[in-house]
Amino acid sequence: MKLSTYNFLTSMAIKGVKVGYPLKLTINKKDVIESEFNPVFIERLLPKLDWSAVYSAAQVAELADDIPAAQPDNVAEDEQLLQRLHHLLFEIDVLEGQLECPETGRVFPITDGIPNMLLNEDEV
Amino acid sequence: MHIEQKTNKVKKAEKKQRRSLAIIKADCNVSQSDSPTLYLAILNVGLSNGLSEEALLTAAAATGGQVSQVLMLPSKSYCFLMCTTLADAQLVYDGMHNRATIGQKGAVAYLSYVLELPQQREENGWQKPLPGGLVLLPDFVSEAEEAALLEAIAVGTASPTDSLKHRQVKHFGYEFLYGSNNVNPLQPLEQGIPAACNFMWERLELPAFEPPDQLTVNEYEAGQGIPPHVDTHSAFKDPILSLSLQSDVVMDFRRGDQLVHVLLPRRSLLVMSGESRYDWTHGIRPKHIDVVATPSGSLTTQARSKRTSLTFRRLRRGPCDCQYPTLCDTQQTATPQEVCDKLATHASHLEQQNVHEVYDKIANHFSDTRHTPWPQVAEFLNSFEPQSVLLDVGCGNGKYLGCNPQLLSIGCDRSLGLLGVGNARGLSVFRCDCLQLPVRSSSIDGCISIAVIHHLASSERRLTALRELCRVLRPGGRALVYVWAKNQRKNDKKSTYLRQNTAVNKEHTTEQAQRQKLARQLESMDQQLPVPLPVHTNRTEFQQQDVYVPWKTKDEQRTTFLRYYHVFEELELEKLVDQMEGVVIRKSYYDQGNHCVIFEKS
């Protein structure tokens, strides 16, 4: 699972959960796959991402020093930050780990790179 | 020369009379009499060629002979008179035979004495009670109101006037689509039913009456008609109202071999509800002259003139729930209600066993058959701005995720087997059910859901899946949904799916034979199915909407798996989308055996 995908996932479908976001991420095993950096792509994508989850992903991936806690205003001019965001969002691949609902503690395992967000019938 | 011509003419007339007598003998077992009797047959004129009781009686009266009974038979070109005395009969015979110009275009009538009147009267459609639920309200509008209504419907161009094969039509509120015999509830016409019609609804005094929202105006010239039909059950509610203006006409109601004629007088309103709306067809024969009943109970004829009919209906916007399955499009093409209930009850079990587990088992083989993106899906994906976020719900092996590399494409599916294929290709995927997307609301620019929601076993679940697509879309975001169509032909052209049935197309076998063969195979399979449904024969037309579709593996075992499908009727997907608030349908189309809709979140 790439951390760009992580940015969109919630546990709000669980019965009784109000926000379910951001999910608590645990990384047990990861891979880094280099990919071509396109600053414009990252810059234009940012408005579609939730910065709090970008930052929490950075913390878990031990890149918190690279990524500010609050979204800076002039990201477009900060090519270095864009590069770091690219690395965080598209080059890190979580192979084993878990996502945890912040409200209920329900754990969604990540196995072989695929988060399993499937809920049981009695949970919805 | 003149004499010879005349002789020929006489010979011809005699031949005609002999032939008529033979027909009467065959039809009614009534024989000619050489000597005068009380009974006369008019050999060459009757109801079928436009003779009215009045015209006949007038002509007979002119001879001075007295008539005591007229017998006109429907659809016959002859009729009978009974006279009071033999002398009267002779007066009538002598006065009319070869003299009375009561035939078509002034042709003379030929008469003959017969031994009796036909004993067994053919039962005619006038002696029967009206179909259940049919109410005729004569003089429903006044002459002044009639004129005002005609003016109101003539104003403006509600829809382009269509000249059908047999009549002129015009629609208000919604266009009636003759191709599908349905309306598209999502495409109201600019001009609704003219307000000038509204005064009628109060006058109806029907309890819980909902005013109509669709009006079809038909203009019939004399001689034009409309074939027997039932108004599509799923298109319109009960009742259907038909207002006759400018001319009387006879409408025929049929159910099986039952036939009832109903005279619709000018300015009358016909209310079709219940049995008469759902279980009987109605039509108008294309004739210039109608046969009608006289107050005395016999029959006569009546010329038609130009008639305008106003058919008022109310859209149903959902499946039909009538008690009359025979002509019900919902119940004929759709699955019986008790099976639908069962499907809804066992939906998640059925989907688990006959969708998810099957896809996991066939994942690799299935993935091998799914590589080429469908052009119109690719076109949709390419319609987004660069850096848009795409969610493919039911992404399978992820064949659409790399389609437009300028998008951030994320896919989800139930099948781990298929997700594994996509993940191995470096695509972003996660596992979930399409009924609960674990995705932030209003975060996605574009959704696609290709061949997914037809695997859901109830319309509520199919709608829930659509609602989830809508929820995750940002305002202005668009979703493309493909579902398998029950109808695998468009404009008589077979879909790819049917075209791939080479054995049938090369006439090596037939669809029926393939169905029988499959039935025998299934007998030996002994599968435990959560809900008994017909098993579809691949590459043939769908027989029903809810079916199991077999998947045969290519390995040595040649195992057959049964996948559950709900194949969609025309407009069914649109109607489902229409049930969501805050959604606009941008495009709906048919693509190679699929019904497809693009909707936008507003």
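Refer to the structure presented above.
Definitions and cut-offs
Residues numbered from 1 in each chain as written. Chains lettered and ligands numbered in written order. Predicted model: local features only at pLDDT ≥ 70, side-chain atom pairs only at ≥ 80, totals over all residues. Heavy atoms only, no water. Helix = DSSP H or I, 4+ residues; strand = E, 2+ residues; numbered from the N terminus. Contact = heavy atoms within 4.5 Å. Axes fitted to C-alpha atoms, helices over the stretch in contact; angles between N-to-C directions. Nonpolar A, V, L, I, M, F, W, Y, C, P; charged D, E, K, R; others polar. Pairing = 2+ DSSP bridges. Phe/Tyr/Trp six-rings, centres within 6.5 Å; stacked < 30°, edge-to-face > 60°. Lys NZ or Arg CZ within 6 Å of the ring centre and 35° of its normal. Buried < 20%, exposed > 50% of the residue type's maximum accessible area, 1.4 Å probe, protein only. Polar contact = N/O pair within 3.5 Å; in protein donor to acceptor, adjacent residues only side chain to side chain. 1 Å grid on protein atoms, 1.4 Å probe; cavity = no way out; pocket = protein on both sides within 12 Å on 5 of 7 lines; lining within 4 Å. Points joined across faces, edges and corners; volume = space filled by probe spheres on them. Core = buried A, V, L, I, M, F, W, Y, C linked by side-chain atoms within 4.5 Å. Salt bridge = Lys/Arg side-chain N within 4 Å of Asp/Glu carboxyl O. Arc of directions from axis to C-beta. Buried area = accessible area lost by both parts, 1.4 Å probe.

Trainee: Sorry if this is basic, but what is going on with the overall build of chain A here?
Mentor: Each helix and strand counted, chain A has 4 helices and 4 strands in total. From first element to last, N terminus to C terminus, chain A shows the α and β order α-β-α-α-α-β-β-β. Long-range contacts, defined as pairs at least 24 residues apart, comprise 65% of the intrachain contacts of chain A with a sequence gap of at least 6.

Trainee: Just to check I follow, could you spell out the packing of helix 9 (residues 347-368) of chain B against helix 11 (residues 416-424) of chain B for this structure?
Mentor: All names here are of chain B. Between helix 9 and helix 11, the least distance of the axes is 7 Å, while the angle of their chain directions is 35 degrees. Each of Tyr-359, Asp-360, Ala-363, Asn-364, Phe-366 and Ser-367 in helix 9 lies in contact with helix 11, whose residues at this interface are Leu-416, Gly-417, Leu-418 and Val-421. For the contact of helix 9 with helix 11, the class distribution of residues is 6 nonpolar, 3 polar and 1 charged.

Trainee: Explanation requested: the sheet that holds strand 16 (residues 281-284) of chain B in the structure shown.
Mentor: What links the strands of a sheet is backbone hydrogen bonding, and the strands pair in either a parallel or an antiparallel sense. Residues and elements named next belong to chain B. With respect to topology, 4 strands assemble into an open sheet ordered 11-16-13-14, the strand pairing being antiparallel. Each end of this open sheet is capped by a strand with a single partner; those strands are strand 11 (226-229) and strand 14 (258-264). Each neighbouring strand pair of the sheet contributes to a mean axis angle of 20 degrees, computed without reference to strand direction. Taken together, the 7 bridges between strand 13 (residues 249-255) and strand 14 define a ladder with antiparallel strand orientation. Across the sheet, residue Arg-254 finds its bridge partner in strand 14, namely Leu-259.

Trainee: What is the right way to look at the packing of aromatic side chains in this model?
Mentor: Aromatic ring pairs are reported here in terms of the distance separating the ring centres and the angle at which the planes meet. Residues and elements named next belong to chain B. If you walk through the whole model with that rule in mind, you get 16 aromatic pairs over all chains. With a centroid separation of 4.9 Å and an interplanar angle of 80 degrees, the aromatic rings of Trp-201 and Phe-312 are classed as edge-to-face. In this pair, Trp-201 sits in helix 5 (residues 199-204) while Phe-312 sits in strand 19 (residues 307-313), placing the two residues 111 residues apart along the sequence. Judged by centre distance (6.0 Å) and plane angle (80 degrees), the rings of Tyr-482 and Tyr-589 are edge-to-face. Taken together, the residues Tyr-482 in strand 24 (residues 473-484) and Tyr-589 in strand 29 (residues 583-591) connect sequence positions 107 residues apart. Ring-pair connections join several aromatic residues into one group, and the members of that group are Trp-484, Tyr-497, Phe-542 and Tyr-565. In this structure, Lys-399 packs its charged tip against the face of Trp-374, placed 5.3 Å from the ring centre.

Trainee: I would appreciate a short explanation of the pairing of strand 4 (residues 111-114) of chain B in the present structure.
Mentor: Residues and elements named next belong to chain B. Residues Leu-111 and Tyr-113 line one face of strand 4 and the alternating positions Ser-112 and Val-114 line the opposite face, and both faces are buried. Two strands pair when backbone bridges link them, and strand 1 (residues 39-42) and strand 4 are joined in this way by 4 bridges, in the antiparallel orientation. Across the sheet, residue Ala-41 finds its bridge partner in strand 4, namely Ser-112.

Trainee: Just to check I follow, could you spell out the side chain of Arg-267 of chain B for this structure?
Mentor: All names here are of chain B. With respect to the helices and strands, the residue Arg-267 is situated in the loop between strand 14 and strand 15 (269-272). Of the residues examined, Arg-267 reaches a relative accessible area of 16% and is grouped as buried. For Arg-267, the side chain forms a polar contact with the side chain of Asp-139, separated by 3.2 Å.

Trainee: Would you explain empty space enclosed by the protein in this entry?
Mentor: Using a probe with the size of a water molecule, rolled over the atoms, empty space left in the structure can be pinpointed. Residue and element names in this part refer to chain B. On inspection of all chains with the given rule, the structure shows 4 cavities of 30 Å³ or more. Roughly 50 Å³ of internal volume is contained in the second largest cavity. Tyr-220, Glu-221, Ala-222, Gln-224, Asp-248, Val-249, Ile-284, Arg-304, Ser-305 and Arg-307 are the residues that line the second largest cavity. Class assignment of the residues belonging to the lining of the second largest cavity gives a composition of 4 nonpolar, 2 polar and 4 charged.

Trainee: Before we go on, may I ask you to explain the sheet that holds strand 22 (residues 428-431) of chain B in this structure?
Mentor: Residues and elements named next belong to chain B. Strand order in the open sheet formed by 7 strands is 22-21-20-23-24-30-29, with mixed pairing between adjacent strands. Both outer strands of the open sheet, strand 22 and strand 29, are each paired with one neighbouring strand and no more. Pairwise comparison of adjacent strand axes, ignoring direction, gives a mean angle of 15 degrees for this sheet. Across the sheet, helix 12 (residues 459-472) lies against strand 20 (389-393), strand 23 (444-450), strand 24, strand 29 and strand 30 (594-601), angled at about 150 degrees from strand 24, the strand it touches most.

Trainee: Looking at this structure, how should I read the pairing of strand 12 (residues 240-245) of chain B?
Mentor: All names here are of chain B. Of all 6 residues making up strand 12, 6 are buried, and the element is well covered by its neighbours. Taken together, the 4 bridges between strand 12 and strand 15 define a ladder with antiparallel strand orientation. In the strand pairing of strand 15, Leu-243 is matched with Leu-269. Here strand 12 runs beside strand 19; their pairing, made up of 5 bridges, is antiparallel. The residue of strand 19 that forms the bridge with Ser-244 is Ser-309.

Trainee: Which parts of the structure should I look at to understand the nonpolar core?
Mentor: In globular proteins that are soluble, nonpolar side chains generally tend to be buried together. Counting residues in hydrophobic clusters, the biggest one holds 75 residues, and the most contacted among them are Leu-3, Leu-85, Leu-88 and Leu-99 of chain A together with Leu-391, Leu-466 and Phe-599 of chain B. Among all residues touching Leu-466 of chain B, those that are not within four sequence positions of it are Ile-453, Val-481, Leu-573, Leu-576, Val-577, Met-580 and Phe-599 of chain B. Core analysis: the next-biggest nonpolar cluster, separate from the first, contains 27 residues, Leu-343, Val-358, Leu-418 and Trp-551 of chain B among them.

Trainee: In this structure, what is going on with the pattern of salt bridges? I would like to understand it.
Mentor: If the charged atoms of two oppositely charged side chains come close together, the side chains can form a pair. Residue and element names in this part refer to chain A. Throughout the structure, instances matching the rule amount to 23 salt bridges over all chains. The salt bridge partner of Arg-84 is Asp-66, with a shortest N-O separation of 3.9 Å. Taken together, the residues Arg-84 in helix 4 (residues 79-91) and Asp-66 in the loop between helix 3 (51-60) and helix 4 connect sequence positions 18 residues apart. Judged by relative accessible area, which is 28%, Arg-84 ranks as partly exposed.

Trainee: Looking at this structure, I do not really get the environment of Glu-581 of chain B. What am I missing?
Mentor: One can find Glu-581 of chain B in the loop between helix 16 (572-578) and strand 29. For the pair Glu-581 of chain B and Lys-601 of chain B, spaced 20 residues apart in sequence, the C-alpha to C-alpha distance is 9.0 Å.

Trainee: Which parts of the structure should I look at to understand helix 2 (residues 53-61) of chain B?
Mentor: Residues and elements named next belong to chain B. All of the buried residues along helix 2 are Glu-53, Leu-56, Ala-59 and Ala-60. Considered in projection along helix 2, the buried side chains sweep an arc of 135 degrees and stay on one side of the axis. Away from the buried face of helix 2 by more than 90 degrees, exposed residues Thr-58 and Ala-61 are located. Taking the backbone nitrogen of Ala-55 as reference, a side-chain oxygen 3.0 Å away marks Ser-52 as the first, capping residue of helix 2.

Trainee: Would you mind going over the interface of chain A and chain B with me for this structure?
Mentor: Facing 27 residues of chain A, the contacting portion of chain B comprises 30 residues. Buried surface at the junction of chain A and chain B, summed over both partners, amounts to about 2,300 Å²; 62% is from carbon and sulfur atoms. Area buried by chain A at its contact with chain B is led by Phe-8, Ile-114 and Leu-118 of chain A, which between them contribute 28% of it. One can count 1 salt bridge joining chain A with chain B. Of the charged contacts in the structure, one is a salt bridge between Asp-445 of chain B and Lys-48 of chain A, with a shortest N-O distance of 3.1 Å. Linking chain A with chain B are 13 residue pairs in polar contact (both at pLDDT 80 or more). Of all the secondary structure elements, the ones that give two or more residues to the side of chain A that touches chain B are helix 1 (3-6), helix 2 (39-45) and strand 4 (114-115) of chain A. Here the side of chain A that touches chain B is composed, by residue class, of 15 nonpolar, 6 polar and 6 charged.

Trainee: Whenever I open this one, the environment of Ala-293 of chain B confuses me. Can you help?
Mentor: Residue and element names in this part refer to chain B. By the element assignment, Ala-293 lies in strand 17 (residues 289-293). Residue Ala-293 is classed as partly exposed on the basis of its relative accessible area of 36%. Taking C-alpha positions, Ala-293 is 9.6 Å from Val-262, a pair spaced 31 residues apart along the chain.

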